[in-house]
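Coordinate analysis (summary)
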Amino acid sequence: MNPVVEIEHVWFWYTFPPASQPVLEDISLTVFADDFLGLVGPNGGGKTTLLRLILGLIRPQRGTIRVFGTSPAQVRHRIGYVPQHARVDVAIPATVLDVVLTGRLHRSRWGVCYGRADRLAAENALERVGLKHLAGRPWQSLSGGQRQRALIARALAAESQLLLLDEPTANIDLPSEQTLTDLLHELSRHIPIVLASHDIAFVTTHMKRVACLNRRLTVHRVDELSSDRLREIYGQDVCTIVHRPGCPLFDSGCRQGCRLAGETSSL
Amino acid sequence: MIGFLRDLPDNPFLLTGLLAGLLSALACGLIGPYVVGRRMVLLSGAIAHAAVGGVGLAIFLAAYAPTASRWIDPLTGGLIVAVAAAIFIAVAETRWGSMPETLLAAMWALGMSLGVLLAKMTPGYQSQLMAFLFGNISYVSWRQVKTLVLLDALLAAATALFHKQFLAFCLDREQAELQGVSAAVVNGVLLVLAAIAVIVLAQVVGLVMVITLLTLPAATAAIFVNSIAAVILVSTLVAAVLTTLPRMLVYGTVISAESAIVIAAVGTYLAALAVREGLGRLVGKGPKA
């Protein structure tokens, strides 16, 4: 399987020269074309930083990152990115469709208006996230959860070949989460997805592989361990991972990933 | 108003003033929505006031180096300094993320004081400087009208080519960058266009009050319509009414046309806000965020 993202021995500091601790320390990670990778870790663990490195918005001080075999900045238009917080600024009125259409900017032609193909793609993307009926609404009339879904539509409209999502479930209610999960499962059959979340239950339930990130990074296969006993206790949807010594989450005291998963899912 | 229309065929300055007003309205509609959307209202104010320095320099050079005045008139002087100020802000923003407010204020005041200083050092009454500071819609020359056409054409061409990039940048800088748009370049282009618009509009209401025309028609339009295309259209119309009707109404009175335009622009915006608040209460909702 072809590697889509190759991260090799990456170190990152927000303030360099490194007087303080790095945000990321010696990270190596390969994302493959069929990957559906969960990125879990505590707040401040470096999840968003790692995603921004993959996008080429920031550069590592040490190590190399290659996306689609080249430098991230050159291919970032092929990556769909859904940030954790909607940073859409509507000082001037814009409709939901206007915002989603900006995902087509790189593909669109010169001129004042987006073409028919761009509009179709944007409407299609809104339909997939269940927001087609809101296309003509002003952006600021949307709720937080609806905005999050509209941003996913923006990434879909771009017809990206890699999808990076930062805490996509943070503002979303349960029915919408189910819709989103179904959508992600369907998408993951066609494109690789990396999803950062602090919601370990969500990640372990749906992802094929999990990367634990807390300054350092370890990758687990989700089926490495999901004990029958846990299934009895927490219901069969909960599978889990066991953090071994050396895993950054183990070292930060999370020895029983299972317990965390159970707690979250029982909420 | 009847007096204005009666004198229009006889007084060529009424026609050039009318044309200057309409050409300025087009500039308002083309760039105003981006100035509001990109939140660069104060940046534009600083650029306008910095440009006074260029106007003063041109006037000074005209008196002491007459050969230089052949290629630098007050309009060109203002334009050069305005564009330079815009580029300076763009570079500062790229470097520091945002323009430090104190540096902006310093630029604002320095331009004004240099302009006034240079004009004071020039003998005679500086009607050209006063015209630039407070507007001179009653005595617009054909040469100025031609320059306005050129500047408008530049703004129109830039909007036609880069509207999507500008809008994407205003809405979400980071996402625009991910779509292959250079945020630094778009930011610089928008600031330079705003600087050009400032000089265009200064012909009508003067550099000191130019900010009202640059932003209030767009802000008024944004209250009532939901898409940027509609904002561009409506703000052009609002600006066209504002640059023509008030000055016709006060024609022949002691009220200055420039002040009438500015007061009408502010009045229209405040009335629009009041209507929005009133409508919001009528349908039982608060104002939109």
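Residues numbered from 1 in each chain as written. Chains lettered and ligands numbered in written order. Predicted model: local features only at pLDDT ≥ 70, side-chain atom pairs only at ≥ 80, totals over all residues. Heavy atoms only, no water.

A word on the overall build of chain B. If you tally the helices and strands in chain B, you get twelve helices and zero strands. For chain B, the N- to C-terminal ordering of α and β elements is α-α-α-α-α-α-α-α-α-α-α-α. The C-alpha atoms of chain B give 19 Å as radius of gyration, which agrees with the globular expectation for 289 residues (19 Å, within 12%). Its C-alpha atoms put chain B at 60 × 50 × 35 Å along the principal axes. Residue burial in chain B is summarised as follows: out of 289 residues, 53% are buried. Long-range contacts, defined as pairs at least 24 residues apart, comprise 76% of the intrachain contacts of chain B with a sequence gap of at least 6. (Helix = DSSP H or I, 4+ residues; strand = E, 2+ residues; numbered from the N terminus. Rg over C-alpha atoms; globule rule 2.2 N^0.38 Å. Buried < 20%, exposed > 50% of the residue type's maximum accessible area, 1.4 Å probe, protein only. Contact = heavy atoms within 4.5 Å.)

A separate point is the overall build of chain A. Across its full length, chain A carries ten helices and nine strands. The buried share of chain A, taken over its 267 residues, is 52%. Partitioning the contacts of chain A with sequence separation of at least 6, the portion at a separation of at least 24 is 66%. Surface accessibility of chain A: about 12,300 Å² in total, with carbon and sulfur atoms responsible for 48%. (Areas by Shrake-Rupley, 256 points an atom, 1.4 Å probe, with all protein chains shown as cover.)

Turning our attention to the sheet that holds strand E4 (residues 62-67) of chain A. Residue and element names in this part refer to chain A. Within the open sheet, the three strands sit side by side as E2-E1-E4. Their pairing is antiparallel. One side of each edge strand has no neighbouring strand; the edge strands of this open sheet are strand E2 (24-32) and E4. In this sheet, adjacent strand axes meet at a mean angle of 10° when their direction is disregarded. Two strands pair when backbone bridges link them, and strand E1 (residues 3-12) and E2 are joined in this way by six bridges, in the antiparallel orientation. Following the sheet pairing, Pro-3 is matched in E2 by Phe-32. Most of the contacts of helix H1 (residues 47-55) go to E1, to which it runs at about 120°, and overall it touches E1, E2 and E4. (Pairing = 2+ DSSP bridges. Axes fitted to C-alpha atoms, helices over the stretch in contact; angles between N-to-C directions.)

The subject of this paragraph is the side chain of Thr-181 of chain A. When you line up the elements, Thr-181 of chain A lands in helix H6 (residues 174-188). Judged by relative accessible area, which is 4%, Thr-181 of chain A ranks as buried.

Residue and element names in this part refer to chain A. Judged by pairing direction, the sheet is mixed, and its six strands sit side by side in the order E5-E6-E7-E3-E8-E9 without closing on themselves. The open sheet terminates on both sides in strands that have one partner only, identified here as strand E5 (79-82) and strand E9 (216-221). Direction aside, neighbouring strands of the sheet carry axes that sit 15° apart on average. The strands that H1 touches are strand E3 (36-40), E5, strand E6 (162-166), strand E7 (193-197), strand E8 (209-214) and E9; relative to E6, the one it contacts most, it runs at about 155°. On the sheet, helix H5 (residues 144-157) packs against E5 and E6 and is oriented at approximately 175° with respect to E5.

Interfaces are frequently sized by the accessible area removed from exposure as the parts join. Contact with chain A, which involves 33 residues of that partner, is made by 29 residues of chain B. Interface of chain A and chain B: buried area, both sides summed, is about 2,800 Å²; carbon and sulfur atoms make up 60% of it. Ranking the residues of chain A by area buried against chain B places Ile-92, Pro-93 and Leu-105 of chain A at the top, with a combined share of 24%. The tally of links from chain A across to chain B stands at twelve residue pairs in polar contact (both at pLDDT 80 or more). Looking at the side of chain A that touches chain B, the elements with two or more residues in it are H1 and helix H3 (96-101) of chain A. Class assignment for the residues of the side of chain A that touches chain B results in 17 nonpolar, eight polar and eight charged. (Buried area = accessible area lost by both parts, 1.4 Å probe. Polar contact = N/O pair within 3.5 Å; in protein donor to acceptor, adjacent residues only side chain to side chain. Nonpolar A, V, L, I, M, F, W, Y, C, P; charged D, E, K, R; others polar.)

Now for unusual backbone geometry. Residue and element names in this part refer to chain A. With a phi close to 50°, Asp-26 is a non-glycine residue in the positive phi region. In this structure, Asp-26 sits in strand E2. For Glu-167, which is not glycine, the phi torsion reads 50° and is therefore positive. We classify Glu-167 as buried; its relative accessible area is 3%.

Moving on: the pattern of salt bridges. Under the definition given, this model contains 14 salt bridges over all chains. Of the charged contacts, one joins Asp-89 of chain A and Arg-39 of chain B as a salt bridge, the two residues approaching to 2.7 Å between their closest N and O atoms. Taken together, the residues span two chains, with Asp-89 of chain A in the loop between E5 and H3 and Arg-39 of chain B in the loop between helix H2 (12-37) and helix H3 (41-64). On the basis of relative accessibility, which here comes to 23%, the residue Asp-89 of chain A falls in the partly exposed class. A salt bridge links Arg-143 of chain B to Asp-73 of chain B; the shortest N-O distance between them is 3.2 Å. (Salt bridge = Lys/Arg side-chain N within 4 Å of Asp/Glu carboxyl O.)

All names here are of chain A. Going through the model one piece at a time under the given rule, you end up with two cavities of 30 Å³ or more. Computed from the structure, the largest cavity encloses a volume of approximately 40 Å³. If you trace the largest cavity, you find it lined by Arg-128, Val-129, Arg-149, Ser-176, Thr-179, Leu-180 and Leu-183. Residues belonging to the lining of the largest cavity are distributed by class as follows: three nonpolar, two polar and two charged. (1 Å grid on protein atoms, 1.4 Å probe; cavity = no way out; pocket = protein on both sides within 12 Å on 5 of 7 lines; lining within 4 Å. Points joined across faces, edges and corners; volume = space filled by probe spheres on them.)

This part is about the packing of H3 of chain B against helix H10 (residues 210-224) of chain B. All names here are of chain B. Between H3 and H10, the shortest axis-to-axis distance is 9 Å and the interhelical angle comes to 155°. The angle between H3 and H10 places the two elements in the roughly antiparallel class. Seen from above, H3 lies across H10 with right-handed handedness. Contact with H3, carried on its side by Val-41, Ser-44, Gly-45 and Ala-48, involves Val-210, Ile-211, Leu-214 and Thr-215 of H10 and no other residues of that element. (Parallel < 35°, antiparallel > 145°, perpendicular 65-115°, else oblique. Left-handed = near helix turned anticlockwise from the far one by under 90°.)

All names here are of chain B. Taking 1.5 Å of rise per residue, the 26 residues of helix H12 (residues 257-282) would be expected to cover 38 Å, and the 37 Å separating its terminal C-alpha atoms lies within 8% of that figure. Among all positions in H12, only Ala-257, Glu-258, Ala-260, Ile-261, Val-262, Ala-265, Ala-272 and Gly-280 are buried. Packed against the buried residues of H12 are helix H6 (127-134), helix H9 (183-205), H10 and helix H11 (228-249). (Expected span 1.5 Å × (residues − 1).)

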